[in-house]
There are 2 protein chains.
Amino acid sequence: MSLFSTTYDVIVIGGGHAGSEAAAASANMGAHTLLITMNLQNIAQMSCNPAMGGIAKGQIVREIDALGGYSGIVTDKTAIQFKMLNKSKGPAMWSPRAQSDRMMFAECWRTMLEQTENLDFYQDSVNGLLFDGNKIIGVKTALGLEIKSKTVIITAGTFLNGLIHIGDKTFGGGRAGESASTGITEDLVLKGFEAGRMKTGTPPRVDGRSLDYSKMLEQPGDESPEKFSYLPTTKSLVKQRSCYLTYTNPKVHELLREGFDRSPMFNGRIKSTGPRYCPSVEDKVDRFATKDRHQIFVEPEGWTTVEMYVNGFSTSLPEDIQDKAIRAIEGFENVKFFRYGYAIEYDFFQPTQLKHSLETKLIENLFFAGQINGTTGYEEAASQGLMAGVNAALKTQGKSPFILKRNEAYIGVLIDDLITKGTDEPYRMFTSRAEYRTLLRQDNADLRLTPLGFELGLASKERMDRVLEKQRKTDLLIKFLEETSVTEAEINPILEAKNLDLINQSLKLFKVAARPQLDFSDFKDLEKLKVFIAENDIDWEIIEQAEIHLKYSGYIEKEKNNADKLNRLENVTIPTNFNYQKLQSISFEAREKLTKIQPTSISQASRISGVSPSDISVLLVYMGR
Amino acid sequence: MSLFSTTYDVIVIGGGHAGSEAAAASANMGAHTLLITMNLQNIAQMSCNPAMGGIAKGQIVREIDALGGYSGIVTDKTAIQFKMLNKSKGPAMWSPRAQSDRMMFAECWRTMLEQTENLDFYQDSVNGLLFDGNKIIGVKTALGLEIKSKTVIITAGTFLNGLIHIGDKTFGGGRAGESASTGITEDLVLKGFEAGRMKTGTPPRVDGRSLDYSKMLEQPGDESPEKFSYLPTTKSLVKQRSCYLTYTNPKVHELLREGFDRSPMFNGRIKSTGPRYCPSVEDKVDRFATKDRHQIFVEPEGWTTVEMYVNGFSTSLPEDIQDKAIRAIEGFENVKFFRYGYAIEYDFFQPTQLKHSLETKLIENLFFAGQINGTTGYEEAASQGLMAGVNAALKTQGKSPFILKRNEAYIGVLIDDLITKGTDEPYRMFTSRAEYRTLLRQDNADLRLTPLGFELGLASKERMDRVLEKQRKTDLLIKFLEETSVTEAEINPILEAKNLDLINQSLKLFKVAARPQLDFSDFKDLEKLKVFIAENDIDWEIIEQAEIHLKYSGYIEKEKNNADKLNRLENVTIPTNFNYQKLQSISFEAREKLTKIQPTSISQASRISGVSPSDISVLLVYMGR
Ligand SMILES: Cc1cc2nc3c(=O)[nH]c(=O)nc-3n(C[C@H](O)[C@H](O)[C@H](O)COP(=O)(O)OP(=O)(O)OC[C@H]3O[C@@H](n4cnc5c(N)ncnc54)[C@H](O)[C@@H]3O)c2cc1C
Ligand SMILES: Cc1cc2nc3c(=O)[nH]c(=O)nc-3n(C[C@H](O)[C@H](O)[C@H](O)COP(=O)(O)OP(=O)(O)OC[C@H]3O[C@@H](n4cnc5c(N)ncnc54)[C@H](O)[C@@H]3O)c2cc1C
């Protein structure tokens, strides 16, 4: 038996965040999987900042974890700082974020992948695809190997024809010091795919020993840090490393401007679009000319390293400008560079060329995930990887695809946005993209998704049991609150202490606890509650769930209703290859767009830009509703 | 102050084994040092097998440690297995060897370097050198930076115009997945340097889960493992990972031969010479056609990884041949490849172009260390790096160079061999290269070298104090043995148990202990000795020293005398730029060679091949002896 004489179920090209989750998911679903990547030493590299999560992105990491992916666990195991962002806002906005030790992160990912059954590894560069008509059947590598498989997932990140820019210098490369990848784009274009170019950038890394932190604001982690994974295999941090906050200033901006004529962004050498919401510092200075300062977060790259990531200073200006301008920042007067910032241009494929399963419409059994779909960010990449891994495995098993709805997960929003609307600039997730963000909270991703992950065979029994237990205890606590009366004598001292209106008759506990000015910690000395909590072994996670239920159930119910209504439209499916040209009563633009996107439901059709409510009415009538 | 507006004392190009030791040494000697390397994530990568030490190489690691270098400490901290090789032979042959966790090794090196004062880091690729006449004054980088320095050490390893071969495929690269380096060779050649090409190779890495270890012989580590560093900061291993031994066979050889016509080694595509003592498997099959098997050691690449290094199977045969042939090895029937073996060709510089200090003869303040000098092996590279680092620092401090003599260290032998004889093939160290190997033991590297390292300011006071204490206690123990009498009643039971001739009168203990059939453990119940050892807190290291003294002092003294005699010739110096052409009475060949090498002493002159004893007599007369 020769090495690659077997046909794999799934080949994953690329071991970045998307590829690693894809490989883990498909292997864990029982598909015989091969991960091919250029350098096995560089698995799951954090190309840019050493952090996972953040607003809307933290929710995605928890969703990945709930489904049985690895990103949450790896982040927890390698975290050096943890913060729950937006804690002062409502729970829909709470967003976990962790800094990781960059080297440990990659090592931990590799170890976890190696411990995954059904997963093989091979170091080489894929430079071509094997087709049988409109089906993919394998890949070709730089060494000349042909490896067969039933499905292929491409997760090539920023590597496809990657071009690195610093000032007026340009190098081929997929990341600083790593080769670009050629051949894949070319093969896909021949098959009729539409390829585009995008760009992204990264800030300099500097020597922490050369910074003056006394001029910056220390940003410690949370006092009682949480963690990402719902599993007890990871623990919250006991020790943390701090970040530091400083600011740019008019002098910095002036120095940056001196390099604008040599900026590949401004002089037209970079033509592709960068991430609007992760702009380079020159972009910020240019676009917000009236702002006289921007935040700069100095973030450690690991537990022991002195290397620091200069968050907020992404740039592709010439190195002499980077040098001069950064020194004008408070605390950076004597900075030493480890490496300069740079921008990278790479090929992507308009994601409207994909189905909800992330399978391409043109080529059967071929899936795309990650940056190749026009997204930016580790979390966006990882979640797509997981979904592509699941769907490739399901495909080989003859099962129908696994699709998350917009009211079920940020991951659902992400994929639906991508394939329905496409993207002209690197797409990143925001809470504002989700219409049901009260439903899609970071605290309930397990309740929302673990049952689905368990059914798929991806989330473990242990995970599922924990969810059932969490749900059971939450229900128990809510019931207790709803059924237990409290007297004036018990409650008024608490209200008095907070200067709140007193009660003048016994009330059910939930009535009092639902008051927005109070939270559970205010009741910590209430004897009945104390006894109940102790007897039923109720932890803070359960209390949090109950509290959210008490305070937000109104909003939650409303969103659920809205979602149900819209989901009814989701159930009005449109047949594949439906001929919109015959519907002369809808607008020309709508006909064009609908033909291109080929939405699978009326609801998806309604989200396509250029398709109006009246177009939808026509469609609904046509579909017999 | 702009980043690189200061002139560094020392710039080290390349963060391999040579560059890392060089940077540490020069910084620790107080020189303001900059380490420039292509990828700061890849510092001190083990390009080939994840092991340090071995025969003669283990001695070098202990010498590096004794002088205050880092290789021994890093190896100890990341070791997964330790063995003292040749323990059945005399102590001159004992050679420590450790397997390390590849990823931890690189990480630990980086951490130690970051914790070194006076050392800056910069990620970029050097592609040119700055000269002022025949002096080096700095470097140019791919980003276009010019960085000034008083001295430069080049440690570019296998990267200079590196070319990777597998079967009939060729890629530019310095190592699999990493770019080659251009510009440096070209600049040096313009300055009159003679550049050559060499090649080396590496075996495939495979998935340990696909091997059948039951068909192999387990090779555990030592039962009581020692360690490399003389410092107590590192500890011996408690847990170890095993290696496994298997063999090639006639079938494997036959399958390998099928690829010979496509072998870049045999069909002439690789013209440069490879390491004769680390031959590729195709070389072994070809050169030792009558041998029907060769050893294959399967070595783990780390604590948890399933990746295995196939020691003994280095090859650049086409991947289909690697595939077929390796499967015919017992235990490899179902092997899965992580990556294929390959060969690499790279530029080196004949080391006869160097002085003993590793400074080049042509360009002042320019030093070479490591693979660039035609050597192979991490230990050879690391030790040269350390010496170049020391000497570059000394040069900037206006001090005379630090040179180790052949009777002082393997490092002395290595450098003297290189600069005196040059090399036509990758040079590696053997015990047979050292004429004083009884002096140059691994157990006494600290006694030999720490005083020198301490004087340089490289070895710490703690190190020096330990050496003084070791020496004091050893002397104490020896004195005790020499002065203490033992009676028949005390000793004869021990001799009887070993079936040895009994004594019939009281004797000094050292007389008995010197018997070759006995070792110290035989005396462990001798009351006097027990009391002495306990009272004086004497450990096994001291006992080992005393024992070696008792048993080998004859040989040791003889070698010392020989060395002294030769060192007298070493002290007969030859003036720089001596004109040998006027010495018509020495042979033509000797005149040519002497002119080229420009030996600094009569002793060095005598080691040049082609220089006869009668040539030396003429020289001696001329020098007035
Ligand atoms: C310079 C830079 C700056 C960035 N800045 C930001 C930012 O500011 N904000 C942000 O959110 N995100 C940023 N990112 C993006 C972030 O790194 C990516 O979104 C994320 O890593 C994408 O994950 P991925 O898995 O799709 O691809 P990657 O992480 O890029 O991984 C791709 C993997 O595929 C492998 N590969 C590629 N081609 C082949 C082939 N042909 N054969 C075999 N293997 C192959 C590569 O070796 C690599 O392992 C930046 C990335 C870069 C490089
Ligand atoms: C494929 C392969 C097989 C080998 N097989 C064996 C073997 O069988 N036995 C054995 O004993 N040894 C073997 N070796 C050799 C061993 O790896 C080297 O002897 C040792 O690593 C040399 O150390 P070095 O420090 O000289 O160079 P390297 O370890 O090669 O390090 C060179 C460093 O310099 C950097 N660099 C190079 N050029 C530049 C530049 N212009 N600018 C900035 N940075 C630069 C590189 O990035 C790298 O970090 C092999 C090496 C390779 C690559």
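Residues numbered from 1 in each chain as written. Chains lettered and ligands numbered in written order. Predicted model: local features only at pLDDT ≥ 70, side-chain atom pairs only at ≥ 80, totals over all residues. Heavy atoms only, no water.

- Chain A is annotated in an unreviewed UniProt entry as tRNA uridine 5-carboxymethylaminomethyl modification enzyme MnmG from Polaribacter glomeratus.
- UniProt, in the comment section headed Cofactor (unreviewed entry), describes chain A in these words: "FAD".
- One UniProt comment on chain A, placed under Subcellular location (unreviewed entry), says "Cytoplasm". (UniProt positions renumbered as here; feature names shortened; annotations may be inferred.)

Observations regarding the overall build of chain A
- When helices and strands are counted, chain A shows 19 helices and 22 strands.
- In terms of overall size, chain A behaves like a compact globule, its C-alpha atoms giving a radius of gyration of 26 Å where 625 residues would be expected to give roughly 25 Å.
- The principal-axis extents of the C-alpha atoms in chain A amount to approximately 80 × 70 × 60 Å.
- Across chain A, the fraction of contacts at a sequence separation of at least 24, relative to all contacts at a separation of at least 6, is 73%. (Helix = DSSP H or I, 4+ residues; strand = E, 2+ residues; numbered from the N terminus. Rg over C-alpha atoms; globule rule 2.2 N^0.38 Å. Contact = heavy atoms within 4.5 Å.)

Notes on the site of ligand 1
Residues and elements named next belong to chain A.
- Neighbouring ligand 1 are 34 residues; Ala-18, Val-126, Gly-201, Gln-371 and Gly-377 lie closest to it.
- Thr-37 places a side-chain nitrogen or oxygen 3.4 Å from an oxygen atom of ligand 1.
- At 3.5 Å, a backbone N or O of Thr-158 approaches an oxygen atom of ligand 1.
- Summarising the interface, the protein chains cover 97% of the accessible area of ligand 1, which totals 980 Å² for the free molecule.
- Only helix 1 (17-28), strand 2 (33-37), strand 12 (195-202), strand 19 (342-349) and helix 9 (378-396) provide two or more residues apiece to the shell around ligand 1.
- In terms of residue count, strand 12 provides more of the shell around ligand 1 than any other element does, 3 residues in total.
- Among the residues forming the shell around ligand 1, the class breakdown is 14 nonpolar, 18 polar and 2 charged. (Near = heavy atom within 4 Å. Polar contact = N/O pair within 3.5 Å; in protein donor to acceptor, adjacent residues only side chain to side chain. Areas by Shrake-Rupley, 256 points an atom, 1.4 Å probe, with all protein chains shown as cover. Nonpolar A, V, L, I, M, F, W, Y, C, P; charged D, E, K, R; others polar.)

Quick notes on the site of ligand 2
Residues and elements named next belong to chain B.
- Around ligand 2, the surrounding shell holds 34 residues, and the nearest of these are Ala-18, Val-126, Gly-201, Gln-371 and Gly-377.
- At a separation of 3.4 Å, an oxygen atom of ligand 2 approaches a polar backbone atom of Thr-155.
- In the environment of ligand 2, a nitrogen atom lies 3.0 Å from a nitrogen or oxygen atom belonging to the side chain of Thr-376.
- Summarising the interface, the protein chains cover 97% of the accessible area of ligand 2, which totals 980 Å² for the free molecule.
- With 3 residues, strand 12 (residues 195-202) is the single largest residue contributor to the shell around ligand 2.
- Its residues assigned to classes, the shell around ligand 2 comprises 14 nonpolar, 18 polar and 2 charged.

Topic: the relation of the copies chain B and chain A
- It takes a turn of 180 degrees to lay chain B on chain A, together with a shift of 0.0 Å along the axis; the resulting RMSD is 0.1 Å. Between the two chains, the operation in question is that of a two-fold axis. Looking at the rotation axis and the C-alpha trace of chain B, the residue lying nearest is Glu178(B), at 3.2 Å. (Least-squares fit on C-alpha atoms with pLDDT ≥ 70 in both.)

Some points on the packing of helix 11 (residues 445-456) of chain B against helix 12 (residues 461-483) of chain B
Residue and element names in this part refer to chain B.
- Axis separation between helix 11 and helix 12 bottoms out at 9 Å; the angle between their running directions is 145 degrees. Seen from above, helix 11 lies across helix 12 with left-handed handedness. For the pair helix 11 and helix 12, the contacting residues are Asp-446, Leu-447, Thr-450, Pro-451 and Phe-454 in the first and Lys-461, Arg-463, Met-464, Val-467, Lys-470 and Gln-471 in the second.
- Classifying every residue of the contact of helix 11 with helix 12 gives 5 nonpolar, 2 polar and 4 charged. (Axes fitted to C-alpha atoms, helices over the stretch in contact; angles between N-to-C directions. Left-handed = near helix turned anticlockwise from the far one by under 90°.)

Remarks on the domain arrangement of chain A
Residue and element names in this part refer to chain A.
- Per the domain assignment, the segments making up chain A are domain 1 (7-199 + 346-460), domain 2 (205-343), domain 3 (462-565) and domain 4 (571-622).
- Taken together, the two surfaces of domain 1 and domain 4 that pack against each other cover about 720 Å², and 50% of this comes from carbon and sulfur.
- Counting the contacts that link domain 1 with domain 4 gives 1 salt bridge.
- Across the pair Asp-416 and Arg-607 runs a salt bridge whose closest N-O atoms are separated by 2.3 Å.
- Taken together, the links from domain 1 to domain 4 amount to 3 residue pairs in polar contact (both at pLDDT 80 or more).
- Residues belonging to the side of domain 1 that touches domain 4 are distributed by class as follows: 1 nonpolar, 3 polar and 5 charged. (Domains from an automatic or database assignment. Buried area = accessible area lost by both parts, 1.4 Å probe. Salt bridge = Lys/Arg side-chain N within 4 Å of Asp/Glu carboxyl O.)

Notes on the environment of Thr151(A)
All names here are of chain A.
- Structurally, Thr-151 is set in strand 9 (residues 146-154).
- Classification of Thr-151 by relative accessible area gives buried; the value is 1%.
- Through-space distance from the C-alpha of Thr-151 to that of Ser-88 is 46 Å; in sequence the pair is 63 residues apart.
- When residues no more than four places from it in sequence are discounted, the contact partners of Thr-151 are Asp-9, Val-10, Ile-11, Asn-365, Phe-367, Ala-392, Lys-395 and Thr-396. (Buried < 20%, exposed > 50% of the residue type's maximum accessible area, 1.4 Å probe, protein only.)

Overview of the interface of chain B and chain A
- Between chain B and chain A, the contact holds 46 residues from the first and 45 residues from the second.
- Together, the buried faces of chain B and chain A total about 4,300 Å²; carbon and sulfur atoms form 50% of this surface.
- Joining chain B to chain A, the criterion identifies 4 salt bridges.
- Here Arg110(B) and Glu307(A) are joined by a salt bridge, their closest N and O atoms 2.3 Å apart.
- Across the chain B-chain A interface, the total number found is 22 residue pairs in polar contact (both at pLDDT 80 or more).
- For the side of chain B that touches chain A, the elements supplying multiple residues, two or more each, are helix 4 (102-114), strand 6 (119-123), strand 11 (169-172), helix 8 (319-327) and strand 18 (337-339) of chain B.
- At 7 residues, helix 4 of chain B tops the list of elements feeding residues into the side of chain B that touches chain A.
- By residue class, the composition of the side of chain B that touches chain A is 20 nonpolar, 12 polar and 14 charged.

Examining the sheet that holds strand 5 (residues 95-100) of chain B
Residues and elements named next belong to chain B.
- Strands sit in the order 3-5-4 across an open sheet of 3 strands; the sheet is antiparallel. The two strands at the open ends of the sheet, each matched to only one other strand, are strand 3 (51-53) and strand 4 (79-85). Taken pair by pair, the neighbouring strands of this sheet meet at an average axis angle of 15 degrees, ignoring direction.
- Pairing of strand 3 with strand 5 involves 3 bridges; the strand directions are antiparallel. Considered in strand 5, the bridge of Gly-53 is made with Arg-97. (Pairing = 2+ DSSP bridges.)

Considerations on the pattern of salt bridges
- For the coordinates displayed, the defined rule picks out 86 salt bridges over all chains.
- Of the charged contacts, one joins Glu226(B) and Lys87(B) as a salt bridge, the two residues approaching to 3.9 Å between their closest N and O atoms. Of this pair, Glu226(B) sits in the loop between strand 14 (217-219) and strand 15 (243-247) while Lys87(B) sits in the loop between strand 4 and strand 5, and the two are 139 residues apart along the sequence.
- The class of Glu226(B) is buried, set by a relative accessible area of 13%.
- We note a salt bridge from Glu319(B) to Lys169(B), for which the minimum N-O separation is 3.3 Å. Of this pair, Glu319(B) sits in helix 8 while Lys169(B) sits in strand 11, and the two are 150 residues apart along the sequence.
- Given a relative accessible area of 8%, Glu319(B) falls into the buried group.
- Residue Lys169(B) is classed as partly exposed on the basis of its relative accessible area of 23%.
- Several salt bridges converge on common partners, so that one network encompasses Arg406(A), Asp416(A), Asp417(A), Lys421(A), Glu435(A), Glu570(A) and Arg607(A).

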